[in-house]
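Below are the chains, spelled out letter by letter.
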Amino acid sequence: MESPEQSRVPDASAPPPRPAPGGIAARARALAAPAAYLAGLNPEQRAAVETLDGPVLVLAGAGTGKTRVLTTRIAHILASGRASPHQILAVTFTNKAAREMRQRIGTLIGESVEGMPWLGTFHAIGVKILRRHAELVGLKSSFTILDTDDQVRLMKQVIEAEGIDEKRWPARQLAQWIDGWKNRGLTPDLVPAGEAAGFGNGRGGKLYGAYQERLKTLNAVDFGDLLLETIRLFRQNPGVLADYHRRFRFMLVDEYQDTNTAQYLWLRLLAQTPAGERPNLCCVGDDDQSIYGWRGAEVDNILRFEKDFPGAVVIRLERNYRSTGHILATAAHLIAHNEGRLGKTLFTDDEEGERVTVSGSWDSGEEARAIGDEIEALQRKGQSLDEIAILVRASFQMREFEDRFVTLGLPYRVIGGPRFYERAEIRDALAYFRATVQTADDLAFERIANVPKRGLGEATMQILHDYGRRNGVPLMQAARVLVETEELKPKPRQTLRDLMTSFARWAAQVEALPHQELAELILEESGYTEMWQKDRSAEAAGRLENLKELVRSMEGFENMAGFLEHISLVMDTAEGDGEEKVSIMTLHAAKGLEFETVFLPGWEEALFPHPRSLDENGRAGLEEERRLAYVGLTRARRRAKVWFASNRRIHGLWQSTIPSRFVDELPEAHVEVVQAASYGSSGLGMSRFDRAQPFAGSSYATPGWQRAQANMAAGFKATAGPRRESMTIEGELVAKSTGTVSPFKVGDRVFHLKFGNGDVAEVDGNKLSVDFDKAGRKRVVDSFVERA
DNA sequence: TAGGGTAGTATTTTT
DNA sequence: TACTACCCTA
């Protein structure tokens, strides 16, 4: 970036300084350098970047360049020499966001930002601080971090120890209560008595306390503690806090609208010095995109920023660089129905573009078929599948699309399904590693003691537990003692002895062997790999692949312990195999992303706004749902396509549904109603789109009904009859089915990644009808199966 | 102890 | 409908 931008550099008009050593060229470079990253910012963005002193709230609407502002601001702080990398605290919510920011800053300032140790998630930074001062809060710095699963198992033990019926008061529920308290920054002594009494016949508070004690005994913390314990550390040790006050010259927070009370308290401790200087705190967020209220986020935090930090400068970013005029206007009109807003009006210089479309379908199946067809049409026009997304309200909606896309042979990816780290095989493998490295990790040991099944059942574990509790030693130590006594029956005793020998052997190798090799060794020798190799179910192959992936992902870590620390915080794996795919994800998962074309199916009253959200949170719940709709619309750059079905199967029952109230809240001027004719009107709560429908009076006469009938008939024939000509289901004619000869024949045994093993029942070009052992008969494209 | 049968339940999800 | 968690039986 050169000359035109230079004139906008503040100092450019000042009298020229004396020639610096190195001559004019060097001086020009020095002047031009800062301009390079400021170039191309609009005035508001530039203000957000350059207002370094004092508290700043940046209200950044969707697509207004929020991340750019954040990263540029950091670059600016660094380039202007106001602080060095280790003096900047930059907090994000997800590891993904942290990664992205790190990478973008690097690009901006043209060098690596390895030196920004305090850029990370709340939790990652919490751990870092906590490890340094662990002993001040009664932990050893080697403490382990439990995930949700561990927490629940621990709580189960606590509940049972308290003599409470776990069936009546499930551990999972207690976990939610405690999580809620922790989100609000409440330690056991601070939970309002009335509230604590609400669980377990009045013993909720006691259980919470007991759980915390168990954590301490195990030298463990859960995610909530990463914040709470840091808060406690700061409050009880002003000296430590003062140290961080001095350290963090600049603080930046991303997605401020998503902070919960605990995170707020944590930030405030760091931002508010006793001397009362104004903190250089910059929070960026969008109240209209607050969609995590249900997990403790307090929109209030952003709404009252100016009160919390007097003299705060509020900067609004309202120029949208992402979407077309119609999309933006539609989203703006919708969100205007919300009351509790700070108020922003997004605008764009972009063209009006295509109107947002609203389409109806007879049922969810037709919805999936129609969207599949549209995607294929877009693909033929040259649109990359990577630029197409289907955003759903609830994950059960994904399935219909998956099934349909498998049939069409349309590549897709599901984002935010079961997370890598949450998969059973990964957790099992990690448990083996944890138990090897940390022999006191009871929860890890318990998890895998009998995985694979080796005859160490409940009875044996009970004996270990009793002994452990009596003598205050970890389970594995208890096991070592007990195998030398007569307390166990001979068979489990021998098994347990062998297992303990194995663990001792692995532990001895921790230093000697590279951790990747050790990992493989453990999985091999424990019989864990073998267990899945023997398993003939559909998922087994994928699980083995995941295990390999796990071992691969250990590369680049110092040692096993380092890897485990990382994995407990950063539990996603970066994926991407290069192939173009349609993305399917929930609206929640879509925040922060953008696509050329966005499909928004399922805009029906029974689903979106989700009735549960309305029941539990009333008006606030409705507004959050509306924000979700807003997030969905604003993900689209050029095309947003809303769909609703008049029949949907929910929990296995067919329900007749009516279009979402959000559909009615869209502005007619920017919306185009297409295929309204195919929507079979039920006569209930008709939206204006029904009125646009010429056959509304008699629903049986509508083309939609007729088409639905035809589809149903075709679908029936497809599954019931072997006649080939009956397989021309509407919409499938476009599938790549002609001319090719399948390598499979009727009767072949095949394997499909999603459906498992099955027998080929019919061959039609490159399409197969397969009777799957578990999933029943499905039609699949032959490239999706292999010989079993 | 392990596997099968049954009952109960069923948004959104990051760390 | 589909999954899971638990109980009961072999």
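Note that this is a predicted model, so its numbers are computed, not measured.

**Q** Describe in detail the overall build of chain A, supporting the description with residues and values.
**A** Within chain A, the regular secondary structure consists of 32 helices and 21 strands. The contacts in chain A between residues at least 6 apart in sequence include a share of 74% that link residues at least 24 apart. Working note: accessible area of chain A is about 35,100 Å², and carbon and sulfur atoms make up 52% of it.

**Q** Please give an account of the UniProt feature "binding site: ATP" (unreviewed entry) in chain A that cites residues and values.
**A** The UniProt record marks A60, G61, A62, G63, T64, G65, K66 and T67 with the feature "binding site: ATP" (unreviewed entry), using the residue numbering of this structure. Looking at where G65 falls in the secondary structure, it is placed in the loop between strand 1 (56–60) and helix 4 (66–79). On the secondary structure map, K66 appears in helix 4. The exposure class assigned to K66 is buried, which follows from its relative accessible area of 18%. Excluding anything up to four places from it in sequence, K66 contacts A60, D254, E255 and V284. Side-chain polar atoms of K66 contact the side chain of D254, separated by 3.4 Å.

**Q** Report on the protein's contact with DNA strand B, specifying residues and quantitative values.
**A** Near DNA strand B, the surroundings consist of 30 residues, among which N95, S395, R419, Y421 and T586 are the closest. Taking all atoms of DNA strand B within 4 Å of the protein, the share assigned to sugar and phosphate is 57%. At 3.3 Å, a backbone N or O of G455 approaches a phosphate oxygen of DNA strand B. In the environment of DNA strand B, a phosphate oxygen lies 2.5 Å from a nitrogen or oxygen atom belonging to the side chain of T586. Looking at the surface near DNA strand B, the elements that each hand over two or more residues are helix 21 (458–471) and helix 29 (611–634). No other element matches helix 29, which puts 4 residues into the surface near DNA strand B. Class assignment of the residues belonging to the surface near DNA strand B gives a composition of 7 nonpolar, 15 polar and 8 charged.

**Q** Can you explain the pairing of strand 7 (residues 281–285)? Please cite residues and give values.
**A** With 5 of 5 residues buried, strand 7 is to be regarded as a mostly interior element. Direction of pairing for strand 1 relative to strand 7: parallel, over a ladder of 4 bridges. Directly across from V56, in strand 7, lies its bridge partner C282. For strand 6 (residues 250–253) and strand 7, the ladder comprises 3 bridges, and the chain directions are parallel. Considered in strand 7, the bridge of V253 is made with C283. Tracing the backbone out of strand 6, into helix 13 (residues 261–271) and back to the parallel element strand 7 gives a crossover that is right-handed.

**Q** Requested: an account of the nonpolar core, with residues and values cited.
**A** By size, the foremost hydrophobic cluster in this structure holds 70 residues, and its most contacted members are L89, F143, F234, W266, L270 and L281. No other element matches the 8 residues that helix 13 contributes to this core. In this structure L281 touches G54, P55, V56, M251, V253, L267, A271, F305 and F309, once residues within four positions along its chain are discounted.

**Q** Describe unusual backbone geometry, naming the residues involved and giving the relevant values.
**A** One can expect most non-glycine residues to show negative phi and most peptide bonds to be in trans. Residue P452 is reached from V451 by a cis peptide bond, and omega for that bond is 0°. Relative to the helices and strands, P452 is located in the loop between helix 20 (442–448) and helix 21. With an omega of 5°, the peptide bond between F608 and P609 qualifies as cis. Among the structural elements, P609 can be located in the loop between strand 13 (595–600) and helix 29. Look at N219: it is not a glycine, yet its phi comes out positive at around 55°. Residue position: N219 is located in the loop between helix 10 (204–217) and strand 5 (220–221). The exposure class of N219 is buried, given its relative accessible area of 9%. The backbone phi angle of H651 is positive, close to 55°, even though this residue is not glycine.

**Q** Describe in detail the side chain of H326, supporting the description with residues and values.
**A** Structurally, the position occupied by H326 is in helix 16 (residues 325–335). Note on H326: relative accessible area 8%, which makes it buried. A distance of 3.0 Å separates the side chain of H326 from the side chain of H670, its partner in a polar contact. Non-local contacts of H326, meaning those with residues more than four positions away in its chain, are made with E352, G353, E354, R355, V356, A669 and H670.

**Q** How would you explain the protein's contact with DNA strand C if you had to name every residue and give the values?
**A** Taken together, the residues surrounding DNA strand C are K156, K167, R399, H651 and G652. Protein-proximal atoms of DNA strand C, defined as those within 4 Å of the protein, fall in sugar or phosphate at a share of 56%.

**Q** So, the environment of L622: which residues are in play, and what are the values?
**A** Structurally, L622 can be placed in helix 29. Residues L622 and D349 lie 273 residues apart in sequence; the distance between their C-alpha atoms is 31 Å. The residues touching L622, leaving out its near neighbours within four places in the chain, are P609, L614, R661 and F662.

**Q** Just give me the short version of the packing of helix 17 (residues 364–380) against helix 18 (residues 396–408), but keep the residues and values in it.
**A** Orientation of helix 17 relative to helix 18, taken along the N-to-C sense of each, is 50°, at an axis distance of 9 Å. Considering their axes alone, helix 17 and helix 18 lie oblique with respect to each other. The two elements helix 17 and helix 18 cross, and the hand of that crossing is right-handed. Side by side, helix 17 and helix 18 meet where S364, G365, E367, A368, R369, I371, G372, D373, I375 and E376 of the first sit next to E400, F401, R404, F405 and L408 of the second. The residue inventory of the contact of helix 17 with helix 18, partitioned by class, reads 6 nonpolar, 3 polar and 6 charged.

**Q** Which residues make up the sheet that holds strand 6, and what values go with them?
**A** Spatial strand order, 3-2-6-7-1-8: 6 strands in an open sheet with parallel pairing. Of all the strands in the sheet, the pair left with one neighbour each is strand 3 (119–121) and strand 8 (313–317). Taking each pair of neighbouring strands and ignoring which way they run, the sheet shows an average axis angle of 15°. With 5 bridges joining them, strand 1 and strand 8 adopt parallel strand pairing. Considered in strand 8, the bridge of L59 is made with R316. Lying on the sheet, helix 5 (residues 95–109) is in contact with strand 2 (88–92) and strand 3; it crosses strand 3 at an angle near 165°.

**Q** Pulling in residues and values, what's your account of the pattern of salt bridges?
**A** Oppositely charged side chains can pair when the atoms bearing their charge come close. Evaluated as defined, the whole model comprises 58 salt bridges. Between E604 and R648 there is a salt bridge, with the nearest N and O atoms lying 2.7 Å from each other. Of this pair, E604 sits in the loop between strand 13 and helix 29 while R648 is found in strand 14 (residues 636–650), placing the two residues 44 residues apart along the sequence. By the burial criterion, E604 is buried, and R648 matches it. Across the pair E623 and R619 runs a salt bridge whose closest N-O atoms are separated by 3.1 Å. Of the two residues, E623 and R619 are both situated in helix 29; the distance of 4 residues between them amounts to about one turn of the helix. Taking the relative accessible area as the measure of exposure, R619 reaches 44% and is therefore partly exposed.

**Q** Could you give me a rundown of the state of the cysteines, with the residues and numbers involved?
**A** Throughout the structure, instances matching the rule amount to 0 disulfides. The thiol of C282 is not disulfide-bonded; the next cysteine sulfur, from C283, is found 6.8 Å away.

**Q** Run through the packing of aromatic side chains, naming residues and quoting values.
**A** This structure, assessed with the given rule, holds 25 aromatic pairs. Consider the rings of Y292 and W294, whose centres lie 5.7 Å apart with planes at 50°: the pair is tilted. The exposure class assigned to W294 is exposed, which follows from its relative accessible area of 54%. Summarising the aromatic geometry, the rings of F557 and F563 are spaced 5.4 Å apart at their centres and angled 75° between planes, so their arrangement reads as edge-to-face. On the accessibility criterion, F557 (23% relative accessible area) is partly exposed. The class for F563 is buried, based on a relative accessible area of 0%. Pairwise contacts between aromatic rings join Y432, F445, F503, W506, Y528 and W532 into one cluster. Geometry around W118 places K128 over its ring, the cationic atom sitting 5.2 Å from the centre. Residue placement shows R295 over the ring face of Y292; its charged tip is 3.6 Å from the ring centre.

Reading guide: rules and limits
Residues numbered from 1 in each chain as written. Chains lettered and ligands numbered in written order. Predicted model: local features only at pLDDT ≥ 70, side-chain atom pairs only at ≥ 80, totals over all residues. Heavy atoms only, no water. Helix = DSSP H or I, 4+ residues; strand = E, 2+ residues; numbered from the N terminus. Contact = heavy atoms within 4.5 Å. Areas by Shrake-Rupley, 256 points an atom, 1.4 Å probe, with all protein chains shown as cover. UniProt positions renumbered as here; feature names shortened; annotations may be inferred. Buried < 20%, exposed > 50% of the residue type's maximum accessible area, 1.4 Å probe, protein only. Polar contact = N/O pair within 3.5 Å; in protein donor to acceptor, adjacent residues only side chain to side chain. Near = heavy atom within 4 Å. Nonpolar A, V, L, I, M, F, W, Y, C, P; charged D, E, K, R; others polar. Pairing = 2+ DSSP bridges. Right-handed = clockwise from strand over helix to strand, strands pointing away. Core = buried A, V, L, I, M, F, W, Y, C linked by side-chain atoms within 4.5 Å. Axes fitted to C-alpha atoms, helices over the stretch in contact; angles between N-to-C directions. Parallel < 35°, antiparallel > 145°, perpendicular 65-115°, else oblique. Left-handed = near helix turned anticlockwise from the far one by under 90°. Salt bridge = Lys/Arg side-chain N within 4 Å of Asp/Glu carboxyl O. Disulfide = S-S within 2.5 Å. Phe/Tyr/Trp six-rings, centres within 6.5 Å; stacked < 30°, edge-to-face > 60°. Lys NZ or Arg CZ within 6 Å of the ring centre and 35° of its normal.

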